[in-house]
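Structural overview for review
Single-letter residue listing:
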Number of protein chains: 2
Amino acid sequence: MPFEDAKLLEQLRALLGQGGSAHDLSELLDELQPYDLSIIIEELEQEEQLRLLEAMPPVIAAETLEHFEPIEQYRFLDHLPAETKSEILNQMSSDAVVQLFTAIHPRQMDRLYKYLSKPYQEQIRNQMSYPENSAGSLANVDYIAAQCWWTAQQALAHVRKVGERAEIYNYIYVLSSWGELAGVLSLRELILAAPDTRLDEIMNSKVIAVPADMDQEEAARVIAQYDFVALPVVSSTGRMVGVITVDDVLDIIEEEATEDIQLLGGSQPLDTPYLQSGIFGLFRKRIVWLMLLFLAGTITSTILRFYEDTLTQAVALAFFIPLLIGTGGNAGAQTSTTVIRAVAVGDVNVKDFLIVIWREIRLGLILGLAMAAIGLGWSLAQNNDLLVGLIVSTTIVAVVTFSSTIGAVMPIIGKKLGLDPAVFSAPMITTLVDALGLIIYFQIARIFLPL
Amino acid sequence: MPFEDAKLLEQLRALLGQGGSAHDLSELLDELQPYDLSIIIEELEQEEQLRLLEAMPPVIAAETLEHFEPIEQYRFLDHLPAETKSEILNQMSSDAVVQLFTAIHPRQMDRLYKYLSKPYQEQIRNQMSYPENSAGSLANVDYIAAQCWWTAQQALAHVRKVGERAEIYNYIYVLSSWGELAGVLSLRELILAAPDTRLDEIMNSKVIAVPADMDQEEAARVIAQYDFVALPVVSSTGRMVGVITVDDVLDIIEEEATEDIQLLGGSQPLDTPYLQSGIFGLFRKRIVWLMLLFLAGTITSTILRFYEDTLTQAVALAFFIPLLIGTGGNAGAQTSTTVIRAVAVGDVNVKDFLIVIWREIRLGLILGLAMAAIGLGWSLAQNNDLLVGLIVSTTIVAVVTFSSTIGAVMPIIGKKLGLDPAVFSAPMITTLVDALGLIIYFQIARIFLPL
């Protein structure tokens, strides 16, 4: 249950101030989750923040820090005294350290690196050798390993010894004599097993694992599909690199959706949350697409120039331009976003190309006919003559059908070409169908109008 | 590691056929995860599907079924013999059963309901009393409960007894004598504890729990924020209802993003995956917004009619209409999707209203100026005279600035009004700024042109 901010904050401030009881403070901290603590820290002055982090048990301080963006983590760590800094850093999970080190300046990284214990330094260095955003860089090395010839009793004794420190403790990873991942066992299975059974008799030897160089989004999808809470990552030689945990997967899936949504809105994905992005950072993310779409959009002026004669003779045709191309754009945006998402979550594959086209042609036609009826009604209600109404409604049928089909086709073609389907954003489709819509409109007008 | 489809499928088909060895089949099934089995089932004929489900241990069959949509689950269950049906149903997690029962016809539900064991019937009935999509309906009742006066040893013995059946076993939920949720203990803590310690001495009594009537998306966000794998749900009287697990949360967060994306594309969210939605289902989801946007868009034709004189005297003005309002729409779509997502994931709140407006005004101005420069260059390159270039570029500055600001303001106002911010989709914003863009364009033209 979310804590009651104001009162708690006041209490905490008093305890952090001069003469506050260390015992009372530690009792208060005991009752809070790392996430709550991270929210509280945001409310404090820098002085208080640092005092609070020092007062926390290092393992809690580490988990609390992991709720912040890497840049902020660095800011806190940099200001803490050497000993606290070292204790907290060594308690942070390896994927968090890798993320932190990747985000900060190499010189800043050097300043922190020396506070890691020697064995942890080596693990981190090893993990940083995997590409950014790969399963390997996301893996956590803080898991429990056991040897395949151990008995259940031996393994349980081992869990009792190292379990308190391990961050991933619900599964025991069983290694072969050569250090390869040979099987997995849940803590429950271990508890339920007869004490003298060998692990290799009870372990599940068909382990689902992913290679360290797999993209993290792909690895995230494996966890989500299998409903796992943890997924082992192995090197090309079958050695265990670490474990990806579901809480990281949640973050990845959420980030991925955010990126897709931003792309769909026609801007490049932001690197940082919106309010933390500078104006010029946002500018850079938006100007590229805005400019490309503008240049693509200039074709509409060329098309209209081509129909200048028609337009001069019937200026009234111009009245319906925004409405008609707008409706086409809307139909295209509806289809493209639906299909893009379906491709992203794996509901639609490239092989479904023809099925999707055939659906969208029929769907576009029905939608177009329904909209045309409305368009005709509206046009006549506006006291336009029947001819104008017919031109408008015929155009609607054609434009909506074409737009729906194009909106469905483009993302799948993009996928086939290896592009991110979300590149075919609503603005992109809108711009494409604007041009097409104009041609359709004026061609139909030329047929109907006695020019 | 994904299995090798073709070979395995062939092998399985042989074992399912006449004279296949039951022993070999069960060995083969042992090596597969429920998710793999669900993929395999999709490849089989109905006859084989049913024989395979019957051959599986019921707990595995239940988990496999849970990977299918409720409608398909019903289809399988309905065709299975009574005994298998009953075994599988009783092994399905309570949230899955609730989801299944909610999705099918009440008469279909009645046909399945009687196969549940009496105690499970009561639990399911109780859980179905919570609103659809609430934390209560999503909770799983298959957790391990312990009494607060038990010792660690007693609790561990209890885990050994019931642990094999429980689906949520990494946490032990400690109940008070009145049956209220009093504390929580991880399996690891239980193993590490001295055998004769009482649970209420070692349990964490500040349990983060959510009320049963909380919306499931909100509950999902609590799990994601706290990095939990399980979250207890309590009734209004503090009694334990069940536990929400992170795998369900993953599904919710993904569905939520899908719904937002579909809304952002200007259609109502689909109830089923794209390819499984019928043409008329898709039609219904799209026609409403398409029609509303069309009706809103008709204002553009009224506006243009108002400027008919200006347009007749300078038909060339019409050439730039799609380009200018398109650019405004793009800028608006960029801002609105970014802000809508930021609101959805909690990066931006209603209280940030003024900060966001002030950012977007400045950002819009810079973007507008940059685009205007490009617009002027393009216009002159097209041999338009300087006057046209000036009208076009001045309009761009104004339109982009206004559109960015409107795109940011609308979602936050929507949030304040309790609407889903995603209602302010790219098509919606585009339609709004189309009208505004036309007014700006013609007013500027009237100032510049010697009419």
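Described in the following lines is the structure provided in the data block. What you see is a predicted model, and the numbers here were worked out from it, not measured in a lab.

This part takes up the side chain of Ser134 of chain B. All names here are of chain B. Mapped onto the fold, Ser134 is located in the loop between helix 10 (118-127) and helix 11 (135-138). When its relative accessible area of 2% is taken as the criterion, Ser134 is described as buried. Separated by 3.5 Å, the side chain of Ser134 and the backbone oxygen of Ala212 make a polar contact.

Our focus in this paragraph is the relation of the copies chain B and chain A. Each copy of the sequence occupies a distinct position, and chain B is placed on chain A by a rotation of 180° and an axial shift of 0.0 Å, giving an RMSD of 0.2 Å. Taken together, these values place the two copies in the relation of a two-fold axis.

Attention now goes to the interface of chain B and chain A. By convention, interface size is frequently given as the accessible area that disappears when the constituent parts associate. Between chain B and chain A, the contact holds 120 residues from the first and 119 residues from the second. In this assembly, chain B packs against chain A so that about 11200 Å² is buried in total across both faces, 67% of it on carbon and sulfur atoms. When the area that chain B buries against chain A is broken down by residue, the three leading residues are Tyr274, Phe294 and Phe319 of chain B, summing to 7%. Across the chain B-chain A interface, the total number found is six salt bridges. Here Glu254 of chain A ties to Arg221 of chain B by a salt bridge, and the two come within 3.2 Å at their closest N and O atoms. Applying the counting criterion to the chain B and chain A interface returns 28 residue pairs in polar contact (both at pLDDT 80 or more). With 18 residues, the top contributor of residues to the side of chain B that touches chain A is helix 17 (residues 279-306) of chain B.

Once that is clear, we can look at helix 6 (residues 70-79) of chain A. All names here are of chain A. Listed in full, the buried residues belonging to helix 6 are Pro70, Gln73, Tyr74, Phe76 and Leu77. The arc that holds every buried residue of helix 6, seen down its axis, measures 165°, which confines them to one face. Contact partners of the buried residues in helix 6: helix 3 (34-43), helix 4 (46-55), helix 5 (58-65), helix 7 (82-91), helix 8 (94-103) and helix 9 (106-113).

The next point concerns the packing of helix 17 (residues 279-306) of chain A against helix 21 (residues 353-381) of chain B. It is at 10 Å that the axes of helix 17 of chain A and helix 21 of chain B come closest, and there the two elements cross at 35°. Relative to helix 21 of chain B, the crossing made by helix 17 of chain A is right-handed. Along the contact surface, helix 17 of chain A presents Ile279, Phe280, Leu282, Phe283, Arg286, Ile287, Leu290, Met291, Phe294, Leu295, Thr298 and Ser301 of chain A, while helix 21 of chain B presents Arg359, Glu360, Arg362, Leu363, Ile366, Leu367, Ala370, Met371, Ile374, Gly375 and Trp378 of chain B. In the contact of helix 17 of chain A with helix 21 of chain B, the residues fall into 16 nonpolar, three polar and four charged.

Negative charge collects at one region of the surface, where Glu63, Glu69, Asp142, Glu167, Asp251, Glu255, Glu259 and Asp420 of chain A together with Asp227 and Asp347 of chain B lie side by side. The element best represented in the negative patch is helix 16 (residues 246-264) of chain A, accounting for three residues. With respect to the helices and strands, the residue Asp251 of chain A is situated in helix 16.

Turning our attention to the side chain of Thr335 of chain A. Position of Thr335 of chain A relative to the elements: it lies in helix 20 (residues 321-344). Polar side-chain contacts of Thr335 of chain A include one of 3.2 Å to the side chain of Arg286 of chain B. Each residue touching Thr335 of chain A, except ones within four places of it in the same chain, is listed here: Glu360, Ser404, Gly407 and Ala408 of chain A together with Arg286 of chain B.

All names here are of chain B. Along the chain, the position of Ala331 falls in helix 20 (residues 321-344). The class of Ala331 is buried, set by a relative accessible area of 1%. Sequence separation of Ala331 and Phe402 is 71 residues, and the distance between their C-alpha atoms is 9.1 Å.

Calculation notes
Residues numbered from 1 in each chain as written. Chains lettered and ligands numbered in written order. Predicted model: local features only at pLDDT ≥ 70, side-chain atom pairs only at ≥ 80, totals over all residues. Heavy atoms only, no water. Helix = DSSP H or I, 4+ residues; strand = E, 2+ residues; numbered from the N terminus. Buried < 20%, exposed > 50% of the residue type's maximum accessible area, 1.4 Å probe, protein only. Polar contact = N/O pair within 3.5 Å; in protein donor to acceptor, adjacent residues only side chain to side chain. Least-squares fit on C-alpha atoms with pLDDT ≥ 70 in both. Contact = heavy atoms within 4.5 Å. Buried area = accessible area lost by both parts, 1.4 Å probe. Salt bridge = Lys/Arg side-chain N within 4 Å of Asp/Glu carboxyl O. Arc of directions from axis to C-beta. Axes fitted to C-alpha atoms, helices over the stretch in contact; angles between N-to-C directions. Left-handed = near helix turned anticlockwise from the far one by under 90°. Nonpolar A, V, L, I, M, F, W, Y, C, P; charged D, E, K, R; others polar. Patch = residues over 30% accessible without salt bridge, like charges linked within 9 Å, V, L, I, M, F, W, Y side chains within 5 Å. Areas by Shrake-Rupley, 256 points an atom, 1.4 Å probe, with all protein chains shown as cover. Lys, Arg positive; Asp, Glu negative; His and termini not counted. Charge placed at Lys NZ, Arg CZ, Asp CG, Glu CD.

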